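Each chain is listed here by its residues.
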Amino acid sequence: MDLNTITEVVRPRTRAELPSWKAGDAWLAGGTWLFSEPQAQLSRLIDLSDLAWTPLAISDQGLGIAATCSVAALDALQCPAEWTAAPLIDQCCRAFLASFKIWKTATVGGNLCMSLPAGPMISLLAALEGVCTIWKTDGSEQRIAVVDFVTGNNRNVLAPGDLLRQIDIPLAALKRRTAFRQIALTPVGRSGALLIGTAGREADLLLTVTGSTIKPLQLRFSTMPDANTLRASLLSDVPDALYHDDVHGKPAWRKAMTLRLAEEIRAELAGLRP
Amino acid sequence: MSVIVNGQAVEAAPRPGQCLRTFLRDTGHFGVKKGCDAGDCGACTVLLDGEPVHSCLIPAFRADGKAVTTIEGLASEDGLHPMQQAFLDAQAFQCGFCTAGMIVTCASLNQAQKKDLDAALKGNLCRCTGYRAIEDALLGMAHVEQVAAGEAFGHSLPAPAGPDVVRGQARYTFDTAIDGLLHVKLVRSPHAHARITSIDKTAALALPGVHAVLTHEDAPGLLFSTARHEQAWMDPADTRVLDDVVRFIGQKVAAVVAETEAAAEEACRRLVVDYEILPAVIDPADAIAPGAPIIHAGRGSAHRIADVSRNIVAESHGEFGDVAAALASAAATYEGTFTTQRVQHAALETHGGLAWLDDAGVLTVRSSTQVPFLTRRALAEIFELAPDKVRVFCERVGGGFGGKQEMFVEDILALAALKTRRPVKLELTREEQFIATSTRHPMRVTVKAGADKDGRLTALQLDVLSNTGAYGNHAGPVLFHACGESISVYNCPNKKVDAIAAYTNTVPAGAFRGYGLPQTTFAVEAAIDELASQLGIDPFEMRRRNIVRPGDPMLAPPGSEHSDVLYGSYGLDQCLDLVERAMAESTAAPELSPEWLTGDGIALTMIDTVPPDGHIADATISLRDDGGFTLTVGTAEFGNGTSTVHRQIAATVLGTTVDRITLKQSDTAHGGHDTGAYGSTGTFVAGRATQAAAEALADKITRFAADRWKIDATGCRIADEAVSCGAQRLSFASIASLSEEQLSASGNSQGTPRSVAFNVQGFRVAVNKHTGVVRILKSVQAADAGRVANPMQCRGQIEGGVAQSLGAALYEEVVIDDTGRVVNPKFRDYHLPSYADVPRTEVLFAETTDAIGPLGAKSMSESPYNPVAAALGNALRAATGIRFTAVPFKPDRLFQQLQETFGD
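Residues numbered from 1 in each chain as written. Chains lettered and ligands numbered in written order. Predicted model: local features only at pLDDT ≥ 70, side-chain atom pairs only at ≥ 80, totals over all residues.

**Overview of the domain arrangement of chain A**
Residue and element names in this part refer to chain A.
Inference 1: For chain A, the assigned domains are domain 1 (8-50), domain 2 (52-172) and domain 3 (176-269).
Inference 2: The gap between the C-alpha centroids of domain 2 and domain 3 is 20 Å.
Inference 3: The interface is formed by 19 residues belonging to domain 2 together with 21 residues belonging to domain 3.
Inference 4: Put simply, the parts of the chain that give the side of domain 2 that touches domain 3 at least two residues each are α2 (87-94), α5 (120-127) and β8 (150-152). (Domains from an automatic or database assignment. Contact = placed C-beta atoms within 7 Å. Helix = DSSP H or I, 4+ residues; strand = E, 2+ residues; numbered from the N terminus.)

**Describing the sheet that holds strand β26 (residues 722-725) of chain B**
All names here are of chain B.
Inference 1: Across the sheet, three strands lie side by side as β25-β26-β27; this open sheet has antiparallel pairing. The sheet is open, and its two edges are formed by β25 (717-719) and β27 (728-731), each paired on a single side. Recorded for the sheet is a direction-independent mean angle of 25° between the axes of neighbouring strands.
Inference 2: Two strands pair when backbone bridges link them, and β26 and β27 are joined in this way by four bridges, in the antiparallel orientation. The residue of β27 that forms the bridge with C725 is Q728.
Inference 3: In this fold helix α22 (residues 686-709) packs onto β25, β26 and β27, with an angle of close to 50° to the strand it touches most, β26. (Pairing = 2+ DSSP bridges. Axes fitted to C-alpha atoms, helices over the stretch in contact; angles between N-to-C directions.)

**Description of the confidence of the model for chain B**
Inference 1: When pLDDT is averaged along chain B, the result is 97, and 100% of the positions lie at 70 or above.
Inference 2: We note a pTM of 0.97 for the whole complex and an ipTM of 0.97 for its interfaces. (pLDDT = per-residue confidence, 0-100.)

**Examining helix α24 (residues 791-810) of chain B**
Inference 1: The end-to-end C-alpha distance of α24(B), which contains 20 residues, comes to 28 Å, matching closely the 28 Å that a straight helix rising 1.5 Å per residue would cover.
Inference 2: For α24(B), the tally of buried residues reaches 19 of 20 residues, placing the bulk of the element in the interior. (Expected span 1.5 Å × (residues − 1). Buried ≥ 20, exposed ≤ 12 C-beta atoms within 10 Å, placed from the backbone.)

**A closer look at the pairing of strand β17 (residues 424-427) of chain B**
All names here are of chain B.
Inference 1: Burial of the side chains of β17 extends over both faces: V424 and L426 are buried on one face and K425 and E427 on the other.
Inference 2: As judged from the two bridges shared by strand β6 (residues 182-188) and β17, these two strands associate in the parallel manner. Across the sheet, L182 pairs through a bridge with V424, a residue of β17.
Inference 3: Looking at chain direction, strand β14 (residues 352-357) and β17 are connected through four bridges and run antiparallel. From the neighbouring strand, G352 faces β17, where its bridge partner is E427.

The following block contains the structure:
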């Protein structure tokens, strides 16, 4: 929709050209959320396009994803064969409530910065043990794990003027085996629970809980737990207060689905079921 | 900036925060529609450098140097794009408002996406069709028939607007450019109940470009209802154009008229409104309890409010026989309380319109309405203008579903145009649509029912509490209708009704497809199944033993003075047989784990084909010089398909083809009267007027020819665009040229007597006992629509009704918090069924011919909606053994009872 209070759009090309942050400013990446709601408090957009960050960079360290990389570009990435975790990318893109048309515009970083419980890029990048790089207003940089970046429903660690620059995924995480489960109140709807499990060669388990909770949570097991251990861990590590409550799912259902999907993931990674 | 739009260079500077959607519309590309303006519905889809995007989300400046293709640019000089042709061939649209975005999206899909339409189409919402016809278009299936002159009725002819709809050239409410247009934006109440103590306009008026700030001090004092009915007494007079008391969060407080929307919005923010907060009541049971805040204090019976002191706007009480005694002696009894939620029409075109004073000083309103004539009547009364000094019209309307049988914007538009003497525009946002127009009436229905050991109903009782919100538009008629056909369809010697519609400080409820029947049918049909289950009787058989049949009185207490509902035809028995047979046929079932429980359920519904107390339609038809005809009707087209049917009726009566009939419609300037396109009357009432006009003109034309031949007219017949008698033949064109004056005739229908139409829905469902997820394995609906005027279109109405009703049964709910605020006023939080959510429904027609309806046809637009939730509830009961009594049947709602029954 038209954002009628916007009086100026600045288009910096380098970090040095970023204007001083002031009240009424907003970063413009894809704009798919920004332009979807009234933003009467805003007067200036700082367009990140001309910074021309390389969207995706594969190295022997792993995968670097610019915050402005579009969801579609990530989805289209030709992953090296040894990246056994690659199917998660498509699975998480398809978990968007929005369609492929939005993926062309929406950005990976934008989804992180929205910090909604159902943000599937949060699910993906947390499960792949991604690390965010944040440009601070004082010129410094901050690195923080994706799982810690999101602190609550629509809340994250960013201070005014902070800019999410990129997310780095370590190669080891991309080489893990994965299992993905998602459920929503409607067939292709917004996630009520989205859980991802990854396992390494030592048959450990990293379980990432998103969608059902107000922020991503991770449970790490050095060896594959049995069903009771997993359930007990979830019950103790995920307090009821963290289960999200909105029109996309009641907390009791989200909790039950979390326990159920976690067990399905455990069973799949333990080789007990497909 | 420079952008190539549909091959033409457009040089224009967008505003800094402007989106591509409005930029394209500002440059004349009206095919780009606004459904939500938030990226959820896809109606604004365009190709940006060949890739489909939602133009409402794209900053306009980013189109610089790029190529944009809108629906208008999809066709080439050689003709329609293949996808446009496919949508025409399959008639994959009803109102057509989503069609432009749908076609652009579909045209962009690759083969892999076409194989996964669940995902590919999740960004495109259609509220009308139920998506089957859209899928057919993608599959290249054609449904349109070609027929000879005089044979149009009963065949699947295409909608006359189709070519314009698929090209993006059909003109909806806002698809017109007007010089000097001013924009209206509304300040809305943040309080559920408050008195406005002062409004300071100074800062708002000081803004450049602001022409007027209108408040209750500027508004006429007359009280009226936004509901539009032929008889004004049906609704309470409880509403002002702008009031000094606000009764729900979202009620309009003031209107700003300015040069731009931006200026109007800014002025709204600068308006200083002081309120005295009044106590509010949100729950209807609380509202009618002693000591509740009085919402319409100072008003009373003179304003047609039943009991102001108890917040009761309308009520109905009556008993036939002795229900208590019958229940005491029944072999089986059932009692249950059923609740239905608040749902929104979600027509993709929001409410709104344009108004101006024409050169003759006539107040002219172009709006998105189902009721132009009744809106004209209201405006004339409120602003004390002669009826001929007010004109209301619509071209194509982007969906209605009852929501536009109201006057929500035309009053403000009129006030703004009269005050500023300038053309004005008001287009509601999707959020305003949710918080400040109307919804379905939420109801709490307690049903008590009893039957003897043979399954014959002995007692049927309804206790209904309806929540009408802050204003009583449609409160009474919906309540009475809810307690009418839902029980009058059953023979039962003892019936009782106690029904109340309560005011609350929430967004008003209003007319909605089904008009109360879906809510009560949900309870009544559950009770029938529960009795059948107790008695070991099959649900079909249980119904056969109790349904009314021709000759049976159709009774619902307290009874009414209306005795004009007749069995013009009767196909309920056929509908039951058709669904029973279809449900028994084996169909491919998916592999399901033991976690899934399956079951079948049915429900039936009856509907009077016309609302009570008069529904009037005039039609005129004239022979043109070219031998074709111009048909003028008042009824509006909003996807209901009546434009198609009216041409079919006229062409059939006049022995010609539909392309020879030019239709003019829905404009008070055409003269005559039309109560409106509501109550499923577009075919049954208005079509009857068209039939009468066409028959009168056929008679005139025949007599003209006979006079010329100096023979008796009885030997002449009309066929093949000519009158003939033996070897003599005079074409219509010849008759037109020979006649000194234009031959024309008019027809009228008073909407009485009325007939009854029937629908039976069957579902087979699977329910996951651990997740609550519901899958529909089979859906069948049989309809008794009399002689079906257009099978393709009627099937579409039924499929669309089932889909819309599945939305209400499975997903949709306007959630209101305990302060009265709508929590989820956007499509991403109010889930309309998308392609992936809607099963295919097998549609079957009873074979009947109605003695009252035009050429044997009956209504079929609201009623397919009505049995859906009830049938689904019965199927869930059969699958799980649990009687779920509240819709929507969302997984997280079903979950608790499933878990209690089946464990983790």
